[in-house]
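# Topology and contacts: notes
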Amino acid sequence: MASRSGKYTRDFAFEKATAFFASVVLFLAVLLFAVLLRESLPALRKFGASFLVTGTWDPVLERFGALPFLFGTVVSSFLALLIAVPLSVGAAIFINEFAPPWLKAPVSLLAELLAAIPSVIYGLWGIFVLVPILRDLFMKPVTKYLGWIPLFKGPVYGPSMLAAGVLLAIMIIPFILSVSREVLATVPQRQKEAVLSLGGTRWEMIRIVIGQHCLPGIFGATILGLGRALGETMAVTMVIGNRPEISASLFQQGYSMAAVIANEFAEAGGLQLSSLVLIGLLLMLVTLVVNLAAKGILSKMVARASRGI
Amino acid sequence: MRRISGILAGTAVALVLSLAVVNGATAADPLMINGAGATFPYPLYSKWFYEYSNANPGVKFNYQSIGSGGGIKQITAGTVNFGATDAPMTDEELKKTPGPIIHIPTALGAVVPVYNLDGAAEGLKLTPDVLAGIYLGKITRWNDPKIAELNKTVTMPNADIVVAHRSDGSGTTDIFTNYLTTVNTEWRAKVGRGKAVNWPIGIGGKGNEGVAGVVKQTPGAIGYVELAYAKQNRMKVASLRNREGHFVTPTLEATSAAAAGVAKSMPADFRVSLVDAPGKESWPISGLTWILVYKDQKDEARGKAMVQFLKWAIRDGQKMEAALDYAALPIAVVEKVDQALKRISFKGKSLY
């Protein structure tokens, strides 16, 4: 009996211990939020909601607004998705469905290796390799012939919103690629064979299988990539040009929320420091909103996908 | 069982031994002096601490190069024995400290315009107004008549000027914008001076290396970096017309000359700007870097060691500056600093 009650005590202790650990996580999140809120109060009081719609960032006159940074973070991240999603989903389909076995392992290994490179290395590579290539081989010719489109308006310097988007895309490809591959691998072989046996081509098989089965998973992979892109700091600040301005042209410089915090935090004081913390709080809210929205869409997609089968 | 007790006994012996070792170390432990602040003088200070500790094994230094703003915060909070900064403390900042602070100049730095221009050799000539015009976005092409007439021997290319500046808050930006504010009224009205400002145009690079990266990678770019950084990376530097109308190439001698130029009028607290300094040879975008110490030291031994170190730094230490691309303090300034060191005291008694 004694040993049995000892077992119960251990069970009880184990349950309480796990509950404690769970509450630590919760406590940390609340603490983080509370500290950000407290430190950003001076800026909140001074600027209020206008902080969200003001485009000035003047540390000398102490006038601060977050709009250019919000714009830069959102635009560079979505630009990255626009490039990375088709690329990585396409690559995932190729690796899983078409690639000869001897090619599968090296390609997926290299793709996953991309995820292990520190972001400052990406940034340096961006400055010395990606930006000059983009500038001379893409931006200059495009602005010469299509410069009348606001999206491609010059002058071309190199560091730009486009450079940030492309670099971010390269950084998030391994994440989207490897999750997409996992998702594609979950499709039952029999389902694929069923489509083929009904006279479907490979393309039809992939289209039906992905449409029916894999869309929620691929969407999830995309959100994972987006989360990484929104918070990326070092690589972005090294190629985006760090100019707090809103421009319709992808060839002009921008700035991101994470980048301005990293750049100015160390030497900031007073209202500038408080405004930087407020930007941090906003960044936290942006990621929270994106993740919640994604969860909502995902659960709807999952419901639809399971109804389809 | 026996084995376990054997292990325990062994551990106990080891523990006692290690405690003895630790105790022994404490007895001969050197006096540790903690400092924090500016990144600009960090290579110089590291060298100083190393050399000084070799000669005086009783003193060791621990310096965190967290930035000038951080150095001021730490010395204000009293968490370090000394702070270090490239921008002197403001009156407001001085009010927040628990006791009077003494600024000790230790070295001189210069900020230099660097550029990337095919065909144009070293020593592009610029005037204060042209430099301000470029950074205000009013002079946008290299063949602008205002630049061309200064550089008649060179054919200036018909190319865009790409302006680069620091994106991070820094003492380098403070000196550079202080210079533009001093020499150009439009800059003063529109932008002003600070560690970070609202730049009218340009691309931001993080750190000296970020600005240098933009300049090196972008044809037609102009930026500003510390003299030491430009020298070590062999970048093309512009010469600038100084207050007395001479075009000066940025060198360590020209930087020291700027300090010599203001030595006579240097205030007792050394919080002085060297930008646009008088003197024929003076490089106009120069600045001091300071160590911050409390006038009234709380710990006699540490205070004494600190003063002895500073006495050494402004004499023997100055000889190490040139090798690391810092400009040495001119003799006239060293003498004034020496007087200031005598004011550092413990309970009213000078530690000099």
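Residues numbered from 1 in each chain as written. Chains lettered and ligands numbered in written order. Predicted model: local features only at pLDDT ≥ 70, side-chain atom pairs only at ≥ 80, totals over all residues.

## Here's the deal with the overall build of chain B
Counting its regular elements, chain B contains 13 helices and 14 strands. Each principal axis of the C-alpha distribution contributes one length, and for chain B these read about 90 × 55 × 35 Å. Looking at chain B as a whole, 48% of its 352 residues are labelled buried. Residue pairs at least 24 apart in sequence account for 71% of intrachain contacts in chain B once pairs closer than 6 positions are excluded. (Helix = DSSP H or I, 4+ residues; strand = E, 2+ residues; numbered from the N terminus. Buried ≥ 20, exposed ≤ 12 C-beta atoms within 10 Å, placed from the backbone. Contact = placed C-beta atoms within 7 Å.)

## A look at the nonpolar core
Residues and elements named next belong to chain A. With 170 residues, the main nonpolar core has Leu 167, Ile 172 and Val 239 as its most contacted residues. The element best represented in this core is helix α6 (residues 161-185), accounting for 18 residues. If near-sequence neighbours (up to four positions away) are discounted, Leu 167 is found in contact with Tyr 122, Gly 126, Leu 130, Ala 235 and Val 239. (Core = buried A, V, L, I, M, F, W, Y, C linked by C-beta atoms within 7 Å.)

## Quick word on the pairing of strand β12 (residues 286-294) of chain B
All names here are of chain B. Where burial is concerned, most of β12 is hidden: nine out of the nine residues are buried. Here β12 shows two buried faces, one formed by Ser 286, Leu 288, Trp 290, Leu 292 and Tyr 294 and the other by Gly 287, Thr 289, Ile 291 and Val 293. Pairing of strand β3 (residues 82-85) with β12 involves three bridges; the strand directions are antiparallel. Counted as the bridge partner of Thr 85 is Trp 290 from β12. Sheet topology places strand β4 (residues 101-116) next to β12; nine bridges connect them, and they run antiparallel. Bridge pairing links Ile 104 to Ile 291 in β12. (Pairing = 2+ DSSP bridges.)

## Some points on the interface of chain A and chain B
Residue-level contacts link 25 residues of chain A with 27 residues of chain B. When residues of the side of chain A that touches chain B are traced back to their parent elements, those giving at least two are β1 (57-58), α5 (119-146), α9 (234-239) and α10 (257-264) of chain A. Ranked by residues supplied to the side of chain A that touches chain B, first place goes to α5 of chain A with four residues. Among the residues forming the side of chain A that touches chain B, the class breakdown is 13 nonpolar, eight polar and four charged. (Nonpolar A, V, L, I, M, F, W, Y, C, P; charged D, E, K, R; others polar.)

## As for the pairing of strand β1 (residues 31-37) of chain B
Every regular strand shows the same layout, with side chains that alternate between the two sheet faces. All names here are of chain B. As paired strands, β1 and strand β2 (residues 59-64) are joined by six bridges and run parallel to one another. The residue of β2 that forms the bridge with Ala 36 is Gln 64. In this view, the connection linking β1 to its parallel neighbour β2 by way of helix α2 (residues 42-55) has right-handed handedness. (Right-handed = clockwise from strand over helix to strand, strands pointing away.)

## A look at the packing of helix α3 (residues 67-98) of chain A against α6 of chain A
Residues and elements named next belong to chain A. Following both chains from N to C, one finds α3 and α6 inclined at 40°, their axes separated by 6 Å at the closest point. In terms of axis orientation, α3 runs oblique to α6. For the pair α3 and α6, the sense of crossing is right-handed. Here the contact of α3 with α6 is built from residues that sort into 23 nonpolar, seven polar and one charged. (Axes fitted to C-alpha atoms, helices over the stretch in contact; angles between N-to-C directions. Parallel < 35°, antiparallel > 145°, perpendicular 65-115°, else oblique. Left-handed = near helix turned anticlockwise from the far one by under 90°.)

## Examining helix α8 (residues 202-231) of chain A
Given a rise of 1.5 Å per residue, 30 residues ought to cover 44 Å, yet the end C-alpha atoms of α8 of chain A are separated by just 38 Å, more than 12% below that figure. Of all the bends found along α8 of chain A, the most pronounced is centred on Cys 214 of chain A and spans about 75°, while Pro 216 of chain A, a proline, follows it within four residues. (Expected span 1.5 Å × (residues − 1). Bend = angle between axes of the 7 residues up to and from the residue.)

## Concerning the confidence of the model for chain B
Residues and elements named next belong to chain B. Mean pLDDT for chain B: 89, with 91% of residues reaching 70 or above. At the level of individual helices and strands, chain B shows its lowest average pLDDT in helix α1 (residues 2-27), which scores 48, and its highest in helix α5 (residues 128-136), which scores 97. Low pLDDT, under 50, characterises residues 15-27; the stretch is placed with zero contacts to residues that sit more than four places away or in other chains. As scored by the predictor, the complex reaches a pTM of 0.86 and an ipTM of 0.84. (pLDDT = per-residue confidence, 0-100.)

## Comments concerning the sheet that holds strand β10 (residues 239-241) of chain B
Two pairing modes exist for strands in a sheet, parallel and antiparallel, and in both the strands are linked by backbone hydrogen bonds. All names here are of chain B. Pairing in this open sheet of three strands is mixed, and the strands run β5-β10-β11 from one edge to the other. Looking along the sheet, the strands with just one partner apiece sit at the ends: β5 (125-126) and β11 (247-248). As judged from the two bridges shared by β10 and β11, these two strands associate in the antiparallel manner. Counted as the bridge partner of Leu 240 is Val 248 from β11.

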